Amino acid sequence: MGRRPGEFDLIARHFAPLAGAERVLALGLTDDAAILKQAVGQDLVVTADALVAGVHFLPDDPADLVARKALRVNLSDLAAKGARPLAYLVCLSLPASIDEPWIAAFAAGLGADQAEFGIAMAGGDTTSTPGPLTIAITAIGEVRTGEMRRRAGAQLGDEVWVSGSIGDAALGLRALRGDGMPGLAPAARAFLVDRYRIPRPRLALGLELPGDGIAAMDVSDGLVQDLGHILRLAGCGAVLNLPEIPLSPAASAVIRADAAALDQALSGGDDYELLLVAPPELGAAIQEAGMRATTPVRRIGVLVEGDGVVLRAADGAMRRLARGGWTHF
Ligand SMILES: [Mg+2]
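Residues numbered from 1 in each chain as written. Predicted model: local features only at pLDDT ≥ 70, side-chain atom pairs only at ≥ 80, totals over all residues. Heavy atoms only, no water.

**A look at the pattern of salt bridges**
- Following the criterion strictly, the structure yields 18 salt bridges and no others.
- One salt bridge in this structure joins Asp-113 and Arg-72, with 2.6 Å as the shortest N-O distance. Here Asp-113, found in helix α3 (residues 100-117), pairs with Arg-72, found in helix α2 (residues 63-80); they are 41 residues apart in sequence, far enough to count as distant. Summarising the burial analysis for this pair, Asp-113 and Arg-72 share the class buried.
- Judged by its relative accessible area of 2%, Arg-72 falls in the buried class. (Salt bridge = Lys/Arg side-chain N within 4 Å of Asp/Glu carboxyl O. Helix = DSSP H or I, 4+ residues; strand = E, 2+ residues; numbered from the N terminus. Buried < 20%, exposed > 50% of the residue type's maximum accessible area, 1.4 Å probe, protein only.)

**Quick word on the coordination of the magnesium ion**
- Those donors, Asp-77 (OD) and Asp-218 (OD), are the protein atoms that reach the magnesium ion, and they lie 2.0 Å from it. You can see Asp-77 sitting in helix α2 and its partner Asp-218 sitting in strand β8 (residues 215-218), a full 141 residues away along the chain. Judged on exposure class, the residue Asp-77 and its partner Asp-218 are both buried. (Donors = N, O, S within 2.8 Å, 3.2 Å for Na, K, Ca; no water.)

**Description of the sheet that holds strand β3 (residues 42-52)**
- Pairing in this open sheet of 4 strands is mixed, and the strands run β3-β6-β4-β5 from one edge to the other. In the strand order of this sheet, the two ends are held by β3 and β5 (120-128), each with one partner. Within the sheet, the average angular offset between the axes of one strand and its neighbour, ignoring direction, is 15°.
- In terms of strand pairing, strand β4 (residues 84-94) meets β5 through 8 bridges, oriented parallel. Bridging across to β5, Tyr-88 finds its partner in Met-121.
- Packing of helix α1 (residues 7-15) onto the sheet brings it into contact with β4 and β5, and relative to β5 it is tilted by some 150°. (Pairing = 2+ DSSP bridges. Axes fitted to C-alpha atoms, helices over the stretch in contact; angles between N-to-C directions. Contact = heavy atoms within 4.5 Å.)

**Notes on the side chain of Thr-126**
- Structurally, Thr-126 can be placed in strand β5.
- Of note is the side chain of Thr-126, whose polar atom sits 3.1 Å from the side chain of Glu-7.
- Not counting the four nearest positions on each side in its chain, Thr-126 is found in contact with Glu-7, Ile-11, Phe-15 and Leu-92. (Polar contact = N/O pair within 3.5 Å; in protein donor to acceptor, adjacent residues only side chain to side chain.)

**Some details on the packing of aromatic side chains**
- Under the defined criterion, the tally for this structure stands at 1 aromatic pair.
- Taken together, a centroid distance of 5.2 Å and an interplanar angle of 15° make the contact between Trp-102 and Phe-106 stacked. You can see Trp-102 and its partner Phe-106 sitting in helix α3, 4 residues apart, about one turn around the helix.
- Note on Phe-106: relative accessible area 0%, which makes it buried.
- The ring of Tyr-196 carries the charged tip of Lys-69 above its face, separated from the ring centre by 3.8 Å. (Phe/Tyr/Trp six-rings, centres within 6.5 Å; stacked < 30°, edge-to-face > 60°. Lys NZ or Arg CZ within 6 Å of the ring centre and 35° of its normal.)

**Quick notes on the packing of helix α5 (residues 186-197) against helix α8 (residues 249-257)**
- Contact geometry of α5 with α8 gives a least axis separation of 9 Å together with a crossing angle of 110°. As far as their axial angle goes, α8 and α5 are roughly perpendicular. α8 is crossed by α5, and the crossing has left-handed handedness. Between α5 and α8, the residues in contact are Ala-188, Phe-191 and Leu-192 and Ala-250, Ala-251 and Val-254, respectively. (Parallel < 35°, antiparallel > 145°, perpendicular 65-115°, else oblique. Left-handed = near helix turned anticlockwise from the far one by under 90°.)

**Side note on unusual backbone geometry**
- One non-glycine residue, Leu-27, lies in the positive phi region at around 55°.
- With respect to the helices, strands and loops of the structure, Leu-27 is situated in the loop between β1 (24-25) and β2 (35-36).
- For Leu-27, a relative accessible area of 42% puts it in the partly exposed group.
- For Thr-294, which is not a glycine, the phi torsion comes out positive at approximately 45°.
- Note that Thr-294 resides in the loop between α10 (283-292) and β11 (297-304).

Structural data, given as structure tokens:
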């Protein structure tokens, strides 16, 4: 294992080339702070997420993909809030096992995503740690003043929408852990693993959606758990129609072979899709936003009196997620 250069050299070689943009004055990462040039009529939206090796990614995941996931989980939060990405800061806690080639690949992953999403590094920090590799990113975006989309504000009778497909990442993680999924074709396995490793933040959809009247968040901890956050704020429950919940062909194949995989798909997490709750009269606008963003959106349920999430199967049978698993009733 090669020794790492000092912090100053690491930053100058690998991170300074990523720093700065027209409105992100990062000063070559040679100062203690950066300057963001705020636009008139915009609010800054700030979000942070930390990823820990062994918790949020596998220690042997490729460094460039780890970097992109760390950035993208933050971009997914900006997407949910309807914000346009502007800048980010990254704090790395590096165990001794991380060498310079790993850091070079990590920086290359960040650089690729900066180009894809139009965001610039504004700064950060690196430190050594006796613990696991930890990547903490703070992302900053912009929305028109007063228009950040909230989790709160949903009401009885509102409809529940979700983008993309649900459960791929949870099943991809299961595949990476070597938990057998008999009969899963290699291409389907590769699709699921890719969905776990590289989230697709739904920024275009976030920007196209109506600025008012939608409660929203991204699905990071599982569809059922995350909807629960919106429901608690609304003081409501929800009924989700199982046949309407969008599943990819790969996830559908897994679930056909193993019915228990459905629960993993619905509560597994790492989807980074957008979860929207809106009054029925906004349904057409949500569908049109999905078309403009070329992102599928699907209406999957409705808010009802009560609390928690109830699933309605195609045959009308209802069941609910309780602590420790699903209960039928
Ligand atoms: Mg989130």
